[in-house]
Number of protein chains: 4
Amino acid sequence: MFQLDIRSRVPIYEQLVEKFKELIINEVLKADEQLPSVRQLAKDLTVNPNTIQKAYRELEHQGYIYSVPGKGNFVTPPSAINKEEKVKKMKEELLKLLAEALFLGVEKEEIISLIEEAERTVKGGEKS
Amino acid sequence: MFQLDIRSRVPIYEQLVEKFKELIINEVLKADEQLPSVRQLAKDLTVNPNTIQKAYRELEHQGYIYSVPGKGNFVTPPSAINKEEKVKKMKEELLKLLAEALFLGVEKEEIISLIEEAERTVKGGEKS
Amino acid sequence: MFQLDIRSRVPIYEQLVEKFKELIINEVLKADEQLPSVRQLAKDLTVNPNTIQKAYRELEHQGYIYSVPGKGNFVTPPSAINKEEKVKKMKEELLKLLAEALFLGVEKEEIISLIEEAERTVKGGEKS
Amino acid sequence: MFQLDIRSRVPIYEQLVEKFKELIINEVLKADEQLPSVRQLAKDLTVNPNTIQKAYRELEHQGYIYSVPGKGNFVTPPSAINKEEKVKKMKEELLKLLAEALFLGVEKEEIISLIEEAERTVKGGEKS
DNA sequence: GTGGTCTAGACCACG
DNA sequence: GTGGTCTAGACCACA
């Protein structure tokens, strides 16, 4: 299910966060869908349960999932994500990255085609 | 000369690497120019010499400078730097960020205006 | 009758306790009135009977209801409920929250207008 | 230094978060002051280092402290705390608590005197 | 020395 | 069964 790079400099739990965000953004995991249980995923990935916990907790902090103790972890419906603050940070980050890309000689047209590519992967998540 | 953010999460040596890369790409530091000596820079920035050493080693590893034992560290000519790999990573990162932005409801038009804003900040620094 | 938030972090039994306390303080449930039976309520709310039991036991512990074995659970007359302790805790909590608000730069006037807003929502429910 | 209630229902790390927030709000811990090291505090409180870590991490998430790996954890200057979002949540919480207090028969005057008491403990933190 | 991550394994609350 | 917390102890990166 996941490909973790155990040797990478980026922590396992952070890799997990990224993977899950991707799945949620691309709606592979749909609203209110249940995520794999902490123990099960830990077993599948041969990682310690604490590490999974940490990833889930971080995802919850970022608003992408919510946790119901005794029940499981579930995907937050996009409409319920607190966007304002997140969008602001996102724009700053985007601006920085765009400047860097232009600086390295990436053409404006290339970036626009990247936007279109991104649109295709998201499709339908921007309604709310 | 440098503004280091001691508070930042990103390690000092990495901040140094970024700064030097900027100076090199902008040709503030010209081809084959000698970099400040480890000891001198460490003194100027009130940073541990080990930290400077680490930054220089990393710059060398990434191909931005070359080291001549007993002489010092020198700038690799920009034409010799391999940008391809960096551009590729940048595009991947951009794609991910763009998808996230669209997911959070940022309009395509907004992103395009961000590109234009980014263009303005870069203009003038991209002589190389 | 009840709106339970299955998603919430606060346990269902605790939500039940809060709801019942509200109904009792508001005298929607009058003194010595009988509460719904554990089985019936569990069925109505599609909740595990154990959960209802736990809520009732907790309400009894806090003094809001009393249980007559073989008969059912009944509302303690409001006059017999000890509010003092609760008011004390409430004040401590308020003090903490007020300090935090002031620290974050909320103006005193804003807080007073919040009090007035709160007054309006309570008006009409405080017959007891 | 701290009084932890090991038997309490509220987790140790959360108790720590509350204590530290209090110390920061009341300016016992001043801006950019260093917090006790994870290991040291763990030893002093005879708690596992991981638990301290968790508390510090949470405080960082909430914006009250910042962490510099290899250096330590430091108090965020009030001016640098991202307040907007926090203030919004705070007001909601305050409103709820105020309504509950009024409901329980706490007088408006009492609340206002609580504000004044809170003001005295904070004194000077609301400038920015 | 510092913080950050991770494993191994335990116990609790909840439904 | 689920998530949440905690201990014990290890290793790494950084300054």
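Residues numbered from 1 in each chain as written. Chains lettered and ligands numbered in written order. Predicted model: local features only at pLDDT ≥ 70, side-chain atom pairs only at ≥ 80, totals over all residues. Heavy atoms only, no water.

Draft legend 1. Structural context of the packing of helix 1 (residues 12–25) of chain A against helix 4 (residues 84–103) of chain B. One can describe the packing of helix 1 of chain A onto helix 4 of chain B by two numbers: an axis separation of 10 Å at closest approach and a directional angle of 50°. With respect to each other, helix 1 of chain A and helix 4 of chain B are oriented oblique. Crossing angle aside, the handedness with which helix 1 of chain A passes helix 4 of chain B is left-handed. In this structure, helix 1 of chain A contributes Glu18, Lys21, Ile24 and Ile25 of chain A to the contact, and helix 4 of chain B contributes Lys96, Ala99, Glu100 and Phe103 of chain B. Looking at the contact of helix 1 of chain A with helix 4 of chain B residue by residue, the class counts come to 4 nonpolar, no polar and 4 charged. (Axes fitted to C-alpha atoms, helices over the stretch in contact; angles between N-to-C directions. Helix = DSSP H or I, 4+ residues; strand = E, 2+ residues; numbered from the N terminus. Parallel < 35°, antiparallel > 145°, perpendicular 65-115°, else oblique. Left-handed = near helix turned anticlockwise from the far one by under 90°. Contact = heavy atoms within 4.5 Å. Nonpolar A, V, L, I, M, F, W, Y, C, P; charged D, E, K, R; others polar.)

Draft legend 2. Examining the interface of chain B and chain A more closely. The interface is formed by 36 residues belonging to chain B together with 39 residues belonging to chain A. In this assembly, chain B packs against chain A so that about 3900 Å² is buried in total across both faces, 79% of it on carbon and sulfur atoms. Our enumeration of links across chain B and chain A arrives at 6 residue pairs in polar contact (both at pLDDT 80 or more). A per-class count over the side of chain B that touches chain A returns 20 nonpolar, 4 polar and 12 charged. (Buried area = accessible area lost by both parts, 1.4 Å probe. Polar contact = N/O pair within 3.5 Å; in protein donor to acceptor, adjacent residues only side chain to side chain.)

Draft legend 3. Structural view of the confidence of the model for chain A. Residues at a pLDDT of 70 or more form 95% of chain A, whose mean pLDDT is 89. Mean pLDDT values over the elements of chain A span from 86, in helix 4 (residues 83–103) of chain A, up to 96, in helix 3 (residues 49–61) of chain A. (pLDDT = per-residue confidence, 0-100.)

Draft legend 4. Structural context of unusual backbone geometry. Here the phi dihedral of Asp32 of chain B falls at roughly 65°; this positive angle occurs in a residue that is not glycine. Structurally, Asp32 of chain B can be placed in the loop between helix 1 (12–25) and helix 2 (38–45).

Draft legend 5. Up close: the nonpolar core. One finds Ile52 and Tyr56 of chain C together with Phe20 and Tyr56 of chain D to be the most contacted residues of the largest nonpolar core, which totals 76 residues. Beyond its immediate sequence surroundings of up to four residues, Ile52 of chain C is in contact with Leu16, Val38, Leu41, Ala42, Leu45 and Val47 of chain C. Ile12, Phe20 and Leu45 of chain A together with Ile115 of chain B belong to the second-largest nonpolar core, a separate cluster that totals 54 residues. (Core = buried A, V, L, I, M, F, W, Y, C linked by side-chain atoms within 4.5 Å. Buried < 20%, exposed > 50% of the residue type's maximum accessible area, 1.4 Å probe, protein only.)

Draft legend 6. The UniProt feature "domain: HTH gntR-type" (unreviewed entry) in chain A, seen in detail. According to UniProt, the "domain: HTH gntR-type" (unreviewed entry) feature falls on residues 10–78 of chain A. Within residues 10–78 of chain A, the helical portion is 51% and the strand portion 12%, while the C-alpha atoms at the span's ends are 27 Å from each other. (UniProt positions renumbered as here; feature names shortened; annotations may be inferred.)

Draft legend 7. Seen up close, the pattern of salt bridges. All told, the structure shown has 24 salt bridges over all chains when counted by the stated rule. A salt bridge links Glu18 of chain A to Lys96 of chain B; its shortest N-O distance comes to 3.1 Å. Of this pair, Glu18 of chain A sits in helix 1 while Lys96 of chain B sits in helix 4, on two different chains. Judged by its relative accessible area of 41%, Lys96 of chain B is partly exposed. For Arg7 of chain B, the salt bridge goes to Asp32 of chain D, with nearest N and O atoms at 3.2 Å. Of this pair, Arg7 of chain B sits in the segment before helix 1 while Asp32 of chain D sits in the loop between helix 1 (12–25) and helix 2 (38–45), each in a different chain. Here Arg7 of chain B falls in the partly exposed class, since its relative accessible area comes to 38%. For Asp32 of chain D, a relative accessible area of 34% translates into the label partly exposed. (Salt bridge = Lys/Arg side-chain N within 4 Å of Asp/Glu carboxyl O.)

Draft legend 8. Quick peek at the protein's contact with DNA strand E. Contacts to DNA strand E come from 29 residues, most closely from Ile12, Asn48, Asn50 and Thr51 of chain A together with Arg9 of chain B. When atoms of DNA strand E within 4 Å of the protein are sorted by moiety, sugar and phosphate together comprise 65%. Here a phosphate oxygen of DNA strand E and a side-chain polar atom of Tyr13 of chain C are 3.4 Å apart. A distance of 2.7 Å separates a phosphate oxygen of DNA strand E from a polar atom in the side chain of Arg57 of chain D. Taken together, the elements giving at least two residues each to the surface near DNA strand E come down to helix 1 and helix 3 of chain A, helix 1 (12–25) and helix 3 (49–61) of chain C together with helix 2, helix 3 (49–61) and strand 2 (72–75) of chain D. (Near = heavy atom within 4 Å.)

Draft legend 9. Local environment of the protein's contact with DNA strand F. Close to DNA strand F lie 29 residues, the nearest being Lys54 of chain B, Arg9 of chain C together with Ile12, Asn50 and Thr51 of chain D. Within 4 Å of the protein, atoms of DNA strand F come from sugar and phosphate in 63% of cases. Measuring from a phosphate oxygen of DNA strand F, one finds a side-chain N or O atom of Lys54 of chain B at 2.6 Å. With respect to DNA strand F, the side chain of Tyr13 of chain D contributes an N or O atom lying 2.9 Å from a phosphate oxygen. Counting only elements with at least two residues in the surface near DNA strand F, the list comes to helix 2 (38–45), helix 3 and strand 2 (72–75) of chain A, helix 1 and helix 3 (49–61) of chain B together with helix 1 and helix 3 of chain D. Within the surface near DNA strand F, the residues separate by chemical class into 9 nonpolar, 12 polar and 8 charged.

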